[in-house]
Amino acid sequence: MARITQVSDSTAGPEAAALFSAIKGKIGMVPNLYRVAANQPAVLNALLGLGEALGRGRFDTRTREAVALAVAGANACDYCASAHAAISAGLKVPPEAIEAHLAGRSDDPHTAAILGLAVAIAAERGMVADSDLRAARKAGLSDADIVETVGNVVANIFTNYLNHVAATDIDFPARRARAG
């Protein structure tokens, strides 16, 4: 049971209602994560803005979703594992790849390098070792890729932690995240 109110359409203030309308226009529904964030519309707006800004980076949607899954696995966030597994399935990512991403792995070497760094960032709270950066660069990640990985990890830590604090009700096909 949720520990923080999931704002309903009928109780949303004008700012939250406008954000809900925009979300519904894009994805057809308002996920419970956004309903929790709507308790403070400035936070919901920041969350949405961060996602939109990162969407203009070089990583494609599949790569951003792979990072989201890896961070959800690293942080044991069942809500985000459920949401991003459903989104990935909608992007035609095979089930075995979704499982691998939750564990921070990929068969694609470039994606594997991104996920390895993402998991290290999450596990080490950003204080990655020089060897982590050397491995990322050796695998072909540029400084831009490294910075974009950090941005995507932070965006997902934001949602993971909000879901942990709120105990957000999962409104996607439920699945367990992998810890560590």
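Cut-offs used in this document
- Residues numbered from 1 in each chain as written.
- Predicted model: local features only at pLDDT ≥ 70, side-chain atom pairs only at ≥ 80, totals over all residues.
- Heavy atoms only, no water.
- Phe/Tyr/Trp six-rings, centres within 6.5 Å; stacked < 30°, edge-to-face > 60°.
- Helix = DSSP H or I, 4+ residues; strand = E, 2+ residues; numbered from the N terminus.
- Buried < 20%, exposed > 50% of the residue type's maximum accessible area, 1.4 Å probe, protein only.
- Lys NZ or Arg CZ within 6 Å of the ring centre and 35° of its normal.
- Polar contact = N/O pair within 3.5 Å; in protein donor to acceptor, adjacent residues only side chain to side chain.
- Contact = heavy atoms within 4.5 Å.
- Expected span 1.5 Å × (residues − 1).

## Let's talk about the packing of aromatic side chains
1) Next: Applying the stated criterion to the full structure yields one aromatic pair.
2) Next: Arranged with centres 6.0 Å apart and planes meeting at 80 degrees, the rings of tyrosine 79 and phenylalanine 172 form a pair that is edge-to-face. Within this pair, whereas tyrosine 79 is found in helix α5 (residues 78–90), its partner phenylalanine 172 is found in the segment after α9 (143–166), the two being separated by 93 residues in sequence. For the pair formed by tyrosine 79 and phenylalanine 172, the shared burial category is buried.
3) Next: Against the face of phenylalanine 20 rests arginine 35, its NZ or CZ located 4.9 Å from the ring centre.

## Quick look at the environment of alanine 103
1) Next: Examined against the element boundaries, alanine 103 turns out to sit in the loop between α6 (95–102) and α7 (109–123).
2) Next: Given a relative accessible area of 27%, alanine 103 falls into the partly exposed group.
3) Next: A sequence separation of 49 residues divides alanine 103 from leucine 54, and the C-alpha atoms of the two residues are 22 Å apart.

## Concerning the side chain of serine 106
1) Next: Mapped onto the fold, serine 106 is located in the loop between α6 and α7.
2) Next: Take serine 106: its relative accessible area is 18%, and that puts it in the buried class.
3) Next: Among the polar contacts made by the side chain of serine 106, one reaches the main-chain amide nitrogen of aspartate 108 at a distance of 3.1 Å.
4) Next: Leave out the neighbours within four places in its chain, and serine 106 touches His101, Thr111, Ala112 and Leu115.

## Comments concerning α5
1) Next: Taking 1.5 Å as the rise per residue, α5 with 13 residues should run 18 Å; its terminal C-alpha atoms sit 18 Å apart, in good agreement.
2) Next: For α5, every residue scored as buried is listed here: Asp78, Tyr79, Cys80, Ala81, Ser82, Ala83, His84, Ala85 and Ser88.
3) Next: Those residues of α5 that are buried lie in contact with α2 (32–37), α4 (61–74), α6 and α9.
4) Next: Positive backbone phi, at 65 degrees, marks lysine 92, one or two positions downstream of α5.

Don't take any of this as a statement about function, it's just geometry.
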